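Structural features, examined
For reference, the chains in residue letters:
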There are 2 protein chains.
Amino acid sequence: MRISKMNKMHNLSKNQQIIFDLIHKSPEPIKAYAILFNVQKKGIKAPLQVYRALDKLVEIGKIHKIESRNAFIACQNSSCQVSKATAFSICEICEKVTEISSASLSKYLTNFKDKDGMKYSKYNLEFFGLCKKCR
Amino acid sequence: MRISKMNKMHNLSKNQQIIFDLIHKSPEPIKAYAILFNVQKKGIKAPLQVYRALDKLVEIGKIHKIESRNAFIACQNSSCQVSKATAFSICEICEKVTEISSASLSKYLTNFKDKDGMKYSKYNLEFFGLCKKCR
DNA sequence: ATAGTTATTGTTATAATATAACATTGTGTA
DNA sequence: TACACAATGTTATATTATAACAATAACTAT
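Parameters and conventions
- Residues numbered from 1 in each chain as written.
- Chains lettered and ligands numbered in written order.
- Predicted model: local features only at pLDDT ≥ 70, side-chain atom pairs only at ≥ 80, totals over all residues.
- Buried ≥ 20, exposed ≤ 12 C-beta atoms within 10 Å, placed from the backbone.
- Helix = DSSP H or I, 4+ residues; strand = E, 2+ residues; numbered from the N terminus.
- Pairing = 2+ DSSP bridges.
- Contact = placed C-beta atoms within 7 Å.
- Nonpolar A, V, L, I, M, F, W, Y, C, P; charged D, E, K, R; others polar.
- Axes fitted to C-alpha atoms, helices over the stretch in contact; angles between N-to-C directions.
- Parallel < 35°, antiparallel > 145°, perpendicular 65-115°, else oblique.
- Least-squares fit on C-alpha atoms with pLDDT ≥ 70 in both.
- pLDDT = per-residue confidence, 0-100.

**Re the pairing of strand S1 (residues 63-66) of chain A**
Where a strand is regular, its side chains alternate between the two sheet faces. Here S1(A) shows no split at all, with A:Ile63 and A:Lys65 on one side and A:His64 and A:Ile66 on the other all buried. Linking S1(A) back to strand S2 (residues 71-74) of chain A in an antiparallel pair, the connection comprises four residues, with A:Asn70 at a positive phi of about 50°.

**Overview of the interface of chain B and chain A**
Size of an interface: often given as the accessible area lost when the parts come together. Contacts between chain B and chain A engage 23 residues on the former and 23 residues on the latter. Elements with a contribution of two residues or more to the side of chain B that touches chain A: helix H5 (103-110) and strand S5 (122-129) of chain B. Looking at the side of chain B that touches chain A, the element that brings in the most residues is S5(B), giving eight residues. Classifying every residue of the side of chain B that touches chain A by side-chain character gives 10 nonpolar, six polar and seven charged. Alignment of strand S5 (residues 122-129) of chain A against S5(B), held across seven bridges, turns out to be antiparallel. The residue bridging A:Leu125 from the neighbouring strand is B:Leu125, located in S5(B).

**Points about the packing of helix H2 (residues 14-25) of chain B against helix H4 (residues 47-59) of chain B**
Residues and elements named next belong to chain B. At a minimum axis distance of 9 Å, the contact between H2 and H4 shows a crossing angle of 80°. As far as their axial angle goes, H4 and H2 are roughly perpendicular. Residues Asn-15, Gln-16, Ile-19 and Phe-20 of H2 form the contact with H4, whose participating residues are Gln-49, Val-50, Ala-53, Leu-54, Lys-56 and Leu-57. Its residues assigned to classes, the contact of H2 with H4 comprises six nonpolar, three polar and one charged.

**Regarding the relation of the copies chain B and chain A**
The transformation that overlays chain B on chain A combines an axial shift of 0.0 Å with a rotation of 180°, and the residual RMSD is 0.0 Å. Such a turn and shift between the copies fits a two-fold axis. Identified as the residue of chain B closest to the rotation axis by C-alpha distance is B:Leu125, at 2.1 Å. Mapped onto chain A, 100% of the interface residues of chain B again fall at the interface, so both copies present the same surface.

**What to know about the environment of A:Ala85**
Residue and element names in this part refer to chain A. Relative to the elements of secondary structure, Ala-85 occurs in strand S3 (residues 85-91). Judged by the 18 C-beta atoms lying within 10 Å of it, Ala-85 falls in the partly exposed class. In this structure the C-alpha to C-alpha distance between Ala-85 and Lys-122, which are 37 residues apart in sequence, comes to 5.6 Å. Other than its neighbours up to four places away in sequence, Ala-85 contacts Ser-106, Leu-109, Thr-110, Lys-122 and Tyr-123.

**Details of the environment of B:Ile44**
All names here are of chain B. On the secondary structure map, Ile-44 appears in the loop between helix H3 (32-39) and H4. Overall, the presence of 20 C-beta atoms within 10 Å leaves Ile-44 in the buried class. Considered as a pair, Ile-44 and Ile-19 are 25 residues apart in the sequence and their alpha carbons are 9.4 Å apart. Beyond its immediate sequence surroundings of up to four residues, Ile-44 is in contact with Asn-15, Ile-18, Leu-36, Val-39, Gln-49 and Val-50.

**Looking at unusual backbone geometry**
The general pattern is negative phi for most residues beyond glycine and trans for most peptide bonds. Its identity is not glycine, yet A:Glu95 carries a phi of approximately 65°, on the positive side. Overall, the presence of 14 C-beta atoms within 10 Å leaves A:Glu95 in the partly exposed class.

**Side note on the sheet that holds strand S3 (residues 85-91) of chain B**
Strand pairing in a sheet relies on backbone hydrogen bonds. The paired strands run either parallel or antiparallel. Pairing is mixed across the open sheet formed by six strands, whose spatial order is S4(A)-S3(A)-S5(A)-S5(B)-S3(B)-S4(B). Looking along the sheet, the strands with just one partner apiece sit at the ends: strand S4 (97-99) of chain A together with strand S4 (97-99) of chain B. Each strand axis lies, on average, 20° off the axis of its neighbour in the sheet, ignoring direction. Pairing of S3(B) with S5(B) involves seven bridges; the strand directions are parallel. Each bridged residue has a counterpart across the sheet, and for B:Ala85 the counterpart in S5(B) is B:Tyr123. Helix H5 (residues 103-110) of chain A rests against S3 and S5 of chain A of the sheet, and its axis sits at about 125° to S3(A).

**Quick notes on the confidence of the model for chain A**
For chain A, the average pLDDT comes to 90, and 89% of its residues sit at 70 or higher. Low confidence marks residues 1-8 of chain A, where pLDDT is under 50. Its contacts with residues over four positions away, or in another chain, come to two contacts.

Dropping the structure here:
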């Protein structure tokens, strides 16, 4: 494959790769400053370097932001290109977060129209409850 | 009605009332420090006074937090007691936010079970798109 | 009515999250 | 090779949120 095509496939830059690797191996959502702390040994020194990589990774769907927690997790759907239809379950005790992949849920929400007939280009859904271990 | 019952109805304290009134009359979601700025003339001087009132108002369902915007709006469902099933539409251009009240949506989500049969006690859903005016 | 309890308030300081602005370097394209 | 655009590096600062502690007000149960 030609190198010129690789960017279009969203090959990651150096900082993006370092930060994605860290998030990907993290068992739970990780916060921006925890990321910063962990990658300082790799030469990433400033918050902005982290936030820029996070913005890009979210944009291309490699990670998602858990809005209620200000934390980031790697996308758990292999097919994810863009973060435009996301759903998560969050345990309110242990804070475990799982990405929900339910065809019927995503179909329902993707097709949802409000009273005015408005259709949406994107959604984010966060469910809260207790996970198996905490119940 | 006896005064001793009034707290159970969530009658608001002074600061809670001041802050609720401001949010309620605001045509769009309002942020904590914008609230602070607006209520300083009423004697509320510190962020913590605002955040404490916000926490309580969210807890009793009088307002909701729009997580993706770090901003607050008054509950638009007259029946709201507790914020445990919330859905909003957000215009990505003008930032107009509307609370969605759809019986079928809330029924679908309230009854949603994931693969493991886990049921949730609470959810928050944010739809993004363009509102009528911005389309 | 009053003692005990809980919710609310006031205050200072600080923590945690996120972006502005500008200079520079790398990468893909024409 | 030159142009355009993406990514990086750096310093400073803006924004959002909580810790800790003291005091006051309101509710509950005698």
